[in-house]
Amino acid sequence: MILDTLYTSVACNRTPDSLDWSDDGLIYFGAKNAIAVLDVQHEAVKIVRTLTGHKARVNCVRAVRNADHLGVQLVSGSDDGTCILWNTADTAKQAAKFMLIGHPKGVTTVEAFVEQPAGQLIVATGSVDSTIKLWRAESDTRFGCFQTIDLRSGLTFGLKLFALAQSNVTMLAYSTDTDTVNLCVESMQGDTGRCFVQVEQLKGHCDWVRGLDCIQLPGSEDLLLASCSQDSFIRLWRISPRDTLQKQKAYEEIAQDEDIQLEERTFSVGSTGDGSVFHYALSLESVLQGHEGWVYGVHFCLRNGHELHLLSSSIDKTLIGWKPSESGVWMESVRVGEVGGSSLGFYGGKFSPDGRAIIGHGFQGSLHLWRSEDESSGSTAGGLWNPGIIVGGHFGGARDLAWDPVGGAFLVTLSEDQTTRVHAPWRRRGPGVDGEQLETWHEIARPQVHGYDMQCLTLLSRYRLASAAEEKIIRIFQAPSNFVHNFRALCGISEDPEGDAIVEGNPMGASVPSLGLSNKAVFEVEQPETEGRHIKDMYPEHYFSPVSMDRPPAEETLMQNTLWPEIQKLYGHGNELYAVSASPDGTLLASACRATSADHAQILIWDTATWRITQQLAAHQLTVTQLCFAPNNLALLAVSRDRTFSVFERLTTTGESSSFELKMRSDKTNGVHTRIIWCCDWSHDSVTFATGSRDGKVVAWKRNDTPGTGTWFLPGAVLELKSESITAVAFARRMVANGCYLVAIGCERGCIKLYALGEWNLLMNIEESNAHHLTVKRLSFRPAVEDHQLASCGDDGLVRVYSVKV
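Heads up: these notes are all about the structure in this document. (Residues numbered from 1 in each chain as written. Predicted model: local features only at pLDDT ≥ 70, side-chain atom pairs only at ≥ 80, totals over all residues. Heavy atoms only, no water.)

### Looking at the nonpolar core
Logical step 1: By size, the foremost hydrophobic cluster in this structure holds 28 residues, and its most contacted members are F410, V422, I444, F483 and F487.
Logical step 2: A per-element tally of this core places helix α1 (residues 481–491) first, with five residues.
Logical step 3: Contacts of F487, omitting those with residues within four sequence positions, involve A409, F410, I444, R462, Y463, G492 and I493.
Logical step 4: Of all hydrophobic cores here, the second largest spans 22 residues; its members include V181, I239, Y280 and L284. (Core = buried A, V, L, I, M, F, W, Y, C linked by side-chain atoms within 4.5 Å. Buried < 20%, exposed > 50% of the residue type's maximum accessible area, 1.4 Å probe, protein only. Helix = DSSP H or I, 4+ residues; strand = E, 2+ residues; numbered from the N terminus. Contact = heavy atoms within 4.5 Å.)

Here's what the structure looks like:
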């Protein structure tokens, strides 16, 4: 069996230091408890790998420079109190090389630096336990903490390690929840050995300092340290070697209302070798003002080996690139970001190693990429920066998914991040005259941006969606004509009768009114003459504008211009919705809500032509956890928290709507399962179904062909996985060799197992690093494709699509 991961979708963790761009060209960012590895160097932009090892959210990720000889390329810190040093060059299952355990609470910031000329790696970690710990290798297999800096009740936000010129002494700069930056140098302290001692404080900001970065100026021994703050300012500090300790006034400037005096301060450090003493001067180089909100991060870059650039990222929705002019004055060279929308700015941003690309990660976990089109180095304007193609995903747990029922042309997922998203393969020709056909997956639409955490969804047809959040309403959405146009263009769809009907008569798009939860249809964008119109119609609340796409959309387009209009609300349940399912012909919709009694546990059947309840099915005492219609349209399967399942047969009477009759309900004598039944699915031929439970059992139920026994289905092969909780199960859309069913099983710990169902022969075990590191919530095989393609989603926010060749 051959497994290939076609698509991985996930958002960046919403913390300031959770992303870094490594010298190997790969982008590493925190994705829930894992680290996602993003490759944007090639035409096929995709997440190529995930690194698992942490047990809680990853807060900070930092690429390590010049440490390949140590086998460490990456450092990360997590809410679980650990810091992991990763050997990303190791493509084995486990790339974690060292785990630093010492903080009793979460690690919020990390820094790593290779001391020269010894080549020894120092790691600094800051935690919410109000300490900074410094670590050094004690052996080839162990890192030890050699110093703990007690911040009393303070929290650290920025850490930076760098070497001072001439002496090669390592300096630590750190910022806390104050307006100062502390500078410490490594020195020998009696019997305690080498440790960091504070020598200076940088004062000037008037709010918390959130980020630090440092670089050696090209052609000079001077260092430039940048600090950014919640006061919206960036300050640049110059550290220069001096021959003596004499203080020199640098210069004076006359401001509008007051004199600003900038003075040099000096400090001395002892060499690590012969005991020599070196002197350094510290002065304020510049104050940069350009942001209107908190500045979370700064990042230096040398473009073309000598052009100095600084990138700052702010919650004001902008990233600003700065560069010094010929006179030495720092000027804004480029400003990129978002205009409008409902996002809340950037948590961080990084230059690419060559300085010709910028990536930013936003408040809602989105990634934004820009590439420079200007090859000349003399442009003070910074040239033209164009948005690049990027991937993104859910920043909350992904709870449900569904394939396009017509041909599996796209995948719809929803999440507790209050969004519903459409993922599809973007098909286009590669570069060159005879370029090959390229196909990469991307998010192409966001039909619903809601105010409640989403729970479940189903597709009634290719362009009609039913979803439910943690509320008592089922909402029905119809794709607008603008989505149909863009979907056809990006995915190369030609024959599409349902889409033709939508293009002719449906609205162009949708928008969400202020303080509203319902997507309102937008039929026209340009408003007609205002004469004779009501005053309420003169100021529409929508922000939608149709967009013709030749590439996957950026985040701001997804949020504003890809919504689907809501066409119906279905009321009937007394509690929050938990499960929905549509019949294969799209004429019926089954739904169930959270329940602690038989009355609330009833399954409602809706007629999608009239949107009325046609039947209430009673079989369970507690919440129905999943509903599934048989592919032949003749049965409905339900599983519940009360440890039972039920099967209803669909009866069709001429001239009347379909009705269902309870044909089988499991009990203690024939139910097999002893814990909550989480999941179920039918085989493609409707002859077999499977149920998966918290007790670790997956049971295949086969149709009983013996008449008069009173039992419609009988238990067949039972798979029992010890110490596992089964949370998702899915049948492939056709048989594999030897007349067996291909069945995918998802577990609570995140792994996915593929079996040939005859006697449950294990074909492949997809471990957490290639599957999920939290609970698998839903699995589904893609219809109408040559090979088997499996989609999965989980509590870690990951959405994956695999190609499985048996």
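From this point on, the discussion continues.
### Structural notes on the packing of aromatic side chains
Logical step 1: Evaluation of the coordinates by the stated rule reveals 25 aromatic pairs.
Logical step 2: Pairing F410 with F487 gives two aromatic rings, centres 5.3 Å apart and planes at 90°, and the pair type is edge-to-face. Within this pair, whereas F410 is found in the loop between β33 (398–403) and β34 (411–415), its partner F487 is found in helix α1, the two being separated by 77 residues in sequence. Taken individually, F410 and F487 each receive the classification buried, so the pair is uniform in this respect.
Logical step 3: With a centroid separation of 6.3 Å and an interplanar angle of 80°, the aromatic rings of Y463 and F483 are classed as edge-to-face. A residue pair is termed long-range when its members are at least 10 positions apart, and Y463 in the loop between β37 (454–461) and β38 (464–469) and F483 in helix α1 qualify at 20 residues. Neither Y463 nor F483 differs from the other in exposure class; each is buried.
Logical step 4: Three or more aromatic residues link up through ring pairs in this structure, and these residues are F645, W682, F689, W701, W712 and F713.
Logical step 5: For R14, the ring lying beneath its charged end belongs to F363, and the centroid distance is 5.2 Å.
Logical step 6: Here the guanidinium or amino end of R210 rests over the ring plane of F157, the centre of that ring lying 4.1 Å away. (Phe/Tyr/Trp six-rings, centres within 6.5 Å; stacked < 30°, edge-to-face > 60°. Lys NZ or Arg CZ within 6 Å of the ring centre and 35° of its normal.)

### Comments concerning the layout of surface pockets
Logical step 1: Space inside the second largest pocket adds up to approximately 850 Å³.
Logical step 2: Along its surface, the second largest pocket is lined by 38 residues, and A582, C628, D681, R733 and S780 are the ones closest to its centre.
Logical step 3: Here the element with the most residues in the lining of the second largest pocket is β37; it accounts for five residues.
Logical step 4: Among the residues making up the lining of the second largest pocket, the classes are represented as 26 nonpolar, seven polar and five charged. (1 Å grid on protein atoms, 1.4 Å probe; cavity = no way out; pocket = protein on both sides within 12 Å on 5 of 7 lines; lining within 4 Å. Points joined across faces, edges and corners; volume = space filled by probe spheres on them. Nonpolar A, V, L, I, M, F, W, Y, C, P; charged D, E, K, R; others polar.)

### Side note on the pairing of strand β26 (residues 307–314)
Logical step 1: Counting buried positions over the eight residues of β26 gives eight, a clear majority of the element.
Logical step 2: Here β26 shows two buried faces, one formed by E307, H309, L311 and S313 and the other by L308, L310, S312 and S314.
Logical step 3: Bridge count between strand β25 (residues 295–303) and β26: eight bridges; the pairing is antiparallel. Along β26, the bridge assignment pairs F300 with L310.
Logical step 4: Where β25 folds back onto β26 in an antiparallel hairpin, the turn is made up of three residues, including N304, whose phi is positive at roughly 60°.
Logical step 5: With four bridges connecting them, β26 and strand β27 (residues 318–324) associate as antiparallel partners. Following the sheet pairing, L311 is matched in β27 by G321. (Pairing = 2+ DSSP bridges.)

### Topic: empty space enclosed by the protein
Logical step 1: On inspection of all chains with the given rule, the structure shows five cavities of 30 Å³ or more.
Logical step 2: For the largest cavity, the calculated volume is near 70 Å³.
Logical step 3: Lining the largest cavity are 13 residues; nearest its centre among them are N482, F483, N486, N561 and T562.
Logical step 4: At the level of elements, β36 (437–449) and α1 are the ones that each hand at least two residues to the lining of the largest cavity.
Logical step 5: By residue number, the principal contributor to the lining of the largest cavity is α1, which donates three residues.
Logical step 6: Residues that form the lining of the largest cavity fall into these classes: nine nonpolar, four polar and no charged.

### Notes on the sheet that holds strand β14 (residues 156–163)
Logical step 1: The strand order across the open sheet formed by four strands is β14-β15-β16-β17, and the pairing between neighbours is antiparallel. This sheet does not close on itself; its edge strands, each paired only once, are β14 and β17 (194–203). Across this sheet, the average inter-strand angle for adjacent strands is 25°, counted without regard to direction.
Logical step 2: Direction of pairing for β14 relative to strand β15 (residues 170–176): antiparallel, over a ladder of seven bridges. Counterpart to L161 in the pairing with β15 is L172. (Axes fitted to C-alpha atoms, helices over the stretch in contact; angles between N-to-C directions.)

### Quick look at unusual backbone geometry
Logical step 1: Of note in this structure, K317 is not a glycine but carries a positive phi near 75°.
Logical step 2: Position of K317 among the secondary structure elements: in the loop between β26 and β27.
Logical step 3: Relative accessible area serves as the criterion here: at 18%, K317 is assigned to the buried category.

### Considerations on the sheet that holds strand β43 (residues 577–582)
Logical step 1: Strand order in the open sheet made by the four strands is β43-β44-β45-β46, with antiparallel pairing throughout. The open sheet terminates on both sides in strands that have one partner only, identified here as β43 and β46 (612–617). When the angles between neighbouring strand axes are averaged without regard to direction, this sheet yields 25°.

### What about the pattern of salt bridges?
Logical step 1: Per the stated rule, a full pass over the model turns up 35 salt bridges.
Logical step 2: Note that R399 is salt-bridged to E470, the shortest N-O span being 3.0 Å. In this pair, R399 sits in strand β33 while E470 sits in the loop between β38 and β39 (473–478), placing the two residues 71 residues apart along the sequence.
Logical step 3: For E470, a relative accessible area of 29% corresponds to the partly exposed category.
Logical step 4: We note a salt bridge from E443 to R446, for which the minimum N-O separation is 2.9 Å.
Logical step 5: One continuous salt-bridge network, built from bridges that share partners, spans D404, R462, R488, D496 and D500. (Salt bridge = Lys/Arg side-chain N within 4 Å of Asp/Glu carboxyl O.)

### Observations regarding the state of the cysteines
Structurally, a disulfide amounts to a covalent bond that connects the sulfur atoms of two cysteines.
Logical step 1: Enumeration over the complete set of coordinates arrives at zero disulfides.
Logical step 2: With no disulfide of its own, C145 lies closest to C83 among cysteine sulfurs, the gap being 11 Å.
Logical step 3: Owing to a relative accessible area of 34%, C145 belongs among the partly exposed residues under this scheme. (Disulfide = S-S within 2.5 Å.)

### Here's the deal with the environment of G71
Logical step 1: Take G71: it is sitting in the loop between β6 (58–63) and β7 (74–78).
Logical step 2: Under the relative-accessibility criterion, G71 is labelled buried at 13%.
Logical step 3: Along the chain, G71 and L161 lie 90 residues apart, while their C-alpha atoms are 19 Å from each other.
Logical step 4: Setting aside residues no more than four positions away along its own chain, G71 makes contact with W86, N87 and K97.

### So, the pairing of strand β48 (residues 635–640)
Logical step 1: With six of six residues buried, β48 lies mostly within the body of the structure.
Logical step 2: The alternating pattern of β48 places A635, L637 and V639 on one face and L636, A638 and S640 on the opposite face, and all of these are buried.
Logical step 3: As paired strands, strand β47 (residues 624–629) and β48 are joined by five bridges and run antiparallel to one another. Residue L627 lies in a different strand from β48, and its bridge partner there is A638.
Logical step 4: From the end of β47 to the start of β48, which pair antiparallel, there are five residues, and N633 there has a positive phi angle of about 75°.
Logical step 5: In this structure, the hairpin formed by β48 and strand β49 (residues 645–651) is closed by a connection of four residues, where R643 is found at a positive phi of approximately 75°.

Geometric descriptors of this kind do not, in isolation, establish any biological role.
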